[in-house]
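For reference, the chains in residue letters:
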Amino acid sequence: FLMSARRFAISVLFPVFLTFLFGACRPGLKTPPDTLVVGIESAPTTLDPRLAADAYSSKIAQLVHNGLFRLDERLRLQPDLVDRFEQVSPTEFRFHIKPGLYFQDGSVCDADDVKYTLQSVVDPALASPFRATMEKIESVTVEDALTLDVKLKETFAPFLSALTLGVIPAEGDATIGTGPFRLESFKPAEGVTLVRNDRYFRDVPPMKRVSFRVIPDDNLRVLELKNRRLDVLQNSVPPLLLPALKDDPDLILETTEGINMTYLGMNLREAPLNKPDVREAIARSLDVPALIDFRMAKLARPATGLLSPVHWAYEPDVITYPYDPAKAKELLDKAGLVDPDGAGPKPRLSLTYKTSTKKDRIGLARLIARYLKEVGIDVEVLPYDWGVFFSDVNKGNFQIYSLTWVGVTEPDMFYNVFNSAMKPPAGVNRGGYENKSIDELTEQGRRTLDPAQRKELYSAVQKVLSQELPIIPLWYEDNYAVFGKNVKGLRLRPNASFEWAAEVSKAAE
């Protein structure tokens, strides 16, 4: 009944609110014809690719810099600055750089710059988040201007994925790259403006400039788009505000499958969550399609694991757990958690659910708590400021929580999340999961260089995890963009990158 009432309120009253809020909007000053203006929620912290760990820093830096490799739309590695490469041995690589590459300041980009970039990441003074991977390198040797050899300390299959890192000039300005745009201005409180790089080695972007405007307030971002002071919003419109935009004849909504995966985490170190039957009961208590409809405005798809269906290593043949409250109760009985008073108010067990203070996260936690209450699990939702919440999760100080894995592209992530050696602080096996089979498979995945063999190993990993449920996958978020109808050629990527900024144009109005 509560769910029905809430759905009624949103379906009937929310559009009235939106009409009130946005109905009086009128076009103001339009964006400049030679500039694509993109609204973002927060400012990037840096455009140095060696330090770009947050989403906006990484995505904007990718428009300024190129790595030796890039990811295609199936998240497979493709050559970027590298022309070709040979694997001389399991630990040795020879890379041949494309001829005729130039940085945006006019200097030549060659093997010395690649060597400098890789070695600088290892410097403790830089404090790069990519240092651990680059420390696998034993030596980098420049053979000539376009050839360099890299020798690793040990076989490490994910190494090539790390070479998507943007290359910078040797001991030069780290904001200078070889990408389709160069930095024009960076004002952290306001945004970033990039200008077209006419020396770009691929097709030069149609737009002269791309401006990323920082607008933290959700309603204001939507108003600015409706008033034509923004051209594009990507994944930065709360789903409940999309009705204000979908029916606007001057705007277009595009969606595509994404790779961000929201999940329910559990502490497997102690009872009762260390029992597989209890974890399965929780999974069967949740109507994930209804949660997606209600919380995500249908802009998501039920998840089966860490990797999304667009990923080259995704395994579709895994165990899933459809909504089945009756089965959930049977499983709880089997686990010894019998309902103490039948249809009475006493619960089978009580759990605490930690979450952040973001409204959408609290809303999700409360809905999950309602579902679990239906099968006799009492849940207390405990919201915390982000720093406190995330610290508790990383310390294992929780019973259940929900988070989203963002941008998982390298399947070695299974090692970091589920290998028993990766319990915090060594890694992010936050629930304390232990399984010898998973340990062996994820270690083999790091040592196996053949992509087809790696896919077999990670298929086996996904099948085991679907049976054991160390986490409960909820959904993969769709990527979506809302943009003016005069914006042409915008094609979304599964990893929600801004690559389209180098492809789109704006028609005259």
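Attention in this report is confined to the structure presented alongside it. (Residues numbered from 1 in each chain as written. Predicted model: local features only at pLDDT ≥ 70, side-chain atom pairs only at ≥ 80, totals over all residues. Heavy atoms only, no water.)

**Brief notes about the overall build of the chain**
Phase 1 of the analysis: When helices and strands are tallied, the chain shows 15 helices and 21 strands.
Phase 2 of the analysis: Its C-alpha atoms give the chain a radius of gyration of 25 Å, within 12% of the compact-globule value 23 Å for 509 residues.
Phase 3 of the analysis: Overall size of the chain, expressed as C-alpha extent along the three principal axes, is 75 × 60 × 40 Å.
Phase 4 of the analysis: A total of 509 residues make up the chain; the buried ones form 52% of that total.
Phase 5 of the analysis: Restricting the contact set of the chain to residue pairs at least 6 apart, pairs at least 24 apart contribute 69%. (Helix = DSSP H or I, 4+ residues; strand = E, 2+ residues; numbered from the N terminus. Rg over C-alpha atoms; globule rule 2.2 N^0.38 Å. Buried < 20%, exposed > 50% of the residue type's maximum accessible area, 1.4 Å probe, protein only. Contact = heavy atoms within 4.5 Å.)

**Notes on the side chain of T91**
Phase 1 of the analysis: For T91, the position within the fold is in the loop between β4 (82-89) and β5 (92-97).
Phase 2 of the analysis: For T91, a relative accessible area of 18% puts it in the buried group.
Phase 3 of the analysis: Ignoring sequence-local partners within four residues, the contact set of T91 consists of V150, K151, L152, E154 and T155.

**Some thoughts on the sheet that holds strand β11 (residues 232-234)**
Phase 1 of the analysis: Strand order in the open sheet formed by 7 strands is β8-β9-β10-β1-β11-β19-β12, and the pairing between neighbours is mixed. Pairing within the sheet leaves two strands with one partner each, and these edge strands are β8 (181-187) and β12 (251-256). Each strand axis lies, on average, 20° off the axis of its neighbour in the sheet, ignoring direction.
Phase 2 of the analysis: Of the strand pairs in this sheet, strand β1 (residues 35-40) and strand β10 (residues 209-214) are connected by 6 bridges, and their pairing is parallel. Counterpart to I40 in the pairing with β10 is V214.
Phase 3 of the analysis: Relative to the sheet, helix α2 (residues 55-64) contacts β1, β8, β9 (191-196), β10 and β11, its axis offset from that of β9 by approximately 15°.
Phase 4 of the analysis: Along the sheet, helix α6 (residues 218-226) contacts β1, β10, β11, β12 and β19 (479-484); its crossing angle with β11, the most-contacted strand, is approximately 145°. (Pairing = 2+ DSSP bridges. Axes fitted to C-alpha atoms, helices over the stretch in contact; angles between N-to-C directions.)

**A few points about the packing of helix α8 (residues 276-285) against helix α10 (residues 325-334)**
Phase 1 of the analysis: At their nearest, the axes of α8 and α10 sit 8 Å apart, and the two run at 165° to each other. With respect to their mutual orientation, α8 and α10 come out roughly antiparallel. The two elements α8 and α10 cross, and the hand of that crossing is left-handed. Residue-level contacts link D277, V278, E280, A281, R284 and S285 of α8 to P325, K327, A328, L331, L332 and K334 of α10.
Phase 2 of the analysis: Here the contact of α8 with α10 is built from residues that sort into 6 nonpolar, 1 polar and 5 charged. (Parallel < 35°, antiparallel > 145°, perpendicular 65-115°, else oblique. Left-handed = near helix turned anticlockwise from the far one by under 90°. Nonpolar A, V, L, I, M, F, W, Y, C, P; charged D, E, K, R; others polar.)

**A look at the environment of F69**
Phase 1 of the analysis: Among the secondary structure elements, F69 is positioned in strand β2 (residues 69-71).
Phase 2 of the analysis: Judged by its relative accessible area of 4%, F69 falls in the buried class.
Phase 3 of the analysis: Along the primary structure F69 and T164 are separated by 95 residues, whereas in three dimensions their C-alpha atoms are 4.8 Å apart.
Phase 4 of the analysis: Non-local contacts of F69, meaning those with residues more than four positions away in its chain, are made with L77, Q78, P79, D80, V82, F85, F95, L160, L163 and T164.

**Notes on helix α14 (residues 436-447)**
The α-helix winds at 3.6 residues per turn, so residues separated by three or four positions along the chain end up facing the same way.
Phase 1 of the analysis: Between the first and last C-alpha of α14 there are 17 Å, a value that for 12 residues agrees with the 16 Å anticipated at 1.5 Å per step.
Phase 2 of the analysis: The set of residues buried in α14 consists of I438, D439, L441, T442, G445 and R446.
Phase 3 of the analysis: Buried residues in α14 make contact with α13 (413-418) and α15 (451-468).
Phase 4 of the analysis: The residue sitting at the N-terminus of α14 and contributing the capping side-chain oxygen is N435; that oxygen lies 2.8 Å from the backbone nitrogen of S437. (Expected span 1.5 Å × (residues − 1). Polar contact = N/O pair within 3.5 Å; in protein donor to acceptor, adjacent residues only side chain to side chain.)

**So, helix α3 (residues 111-121)**
Phase 1 of the analysis: Restricting attention to buried positions, one finds in α3 the residues A111, D113, V114, T117, L118, S120 and V121.
Phase 2 of the analysis: Elements that come into contact with the buried residues of α3 comprise β5, α4 (131-134), β6 (137-144) and β7 (147-152).
Phase 3 of the analysis: Measuring from the side-chain oxygen of the N-cap residue of α3 to the backbone nitrogen of D112 gives 3.1 Å; that N-cap residue is D110.

**Things to note about the packing of aromatic side chains**
Phase 1 of the analysis: By the definition in use, this model includes 18 aromatic pairs.
Phase 2 of the analysis: Considering the side-chain rings of F69 and F95, the 6.2 Å spacing of their centres and the 75° angle between planes classify their relative orientation as edge-to-face. Placement of the pair is F69 in strand β2 and F95 in strand β5, with a sequence separation of 26 residues.
Phase 3 of the analysis: Under the relative-accessibility criterion, F95 is labelled buried at 0%.
Phase 4 of the analysis: Grouped by ring-pair contacts, the aromatic residues F69, F85, F93, F95 and F159 constitute a single cluster.
Phase 5 of the analysis: The ring of Y415 has R446 sitting right over it, with the charged end atom 3.9 Å from the ring centre. (Phe/Tyr/Trp six-rings, centres within 6.5 Å; stacked < 30°, edge-to-face > 60°. Lys NZ or Arg CZ within 6 Å of the ring centre and 35° of its normal.)

**Focus on the environment of D333**
Phase 1 of the analysis: Mapped onto the fold, D333 is located in helix α10.
Phase 2 of the analysis: On the accessibility criterion, D333 (36% relative accessible area) is partly exposed.
Phase 3 of the analysis: Sequence separation between D333 and V278 is 55 residues, and the spatial gap between their C-alpha atoms is 9.4 Å.
Phase 4 of the analysis: The contacts of D333, once residues within four sequence positions are left out, are V338, D339 and R348.

**Description of the side chain of E315**
Phase 1 of the analysis: Topologically, E315 is positioned in the loop between β14 (300-302) and α10.
Phase 2 of the analysis: K463 provides the closest opposite charge to the buried, salt-bridge-free E315, at an N-O distance of 4.7 Å.
Phase 3 of the analysis: For E315, the contacting residues outside a window of four places in its chain are S459, Q462 and K463. (Lys, Arg positive; Asp, Glu negative; His and termini not counted. Salt bridge = Lys/Arg side-chain N within 4 Å of Asp/Glu carboxyl O.)

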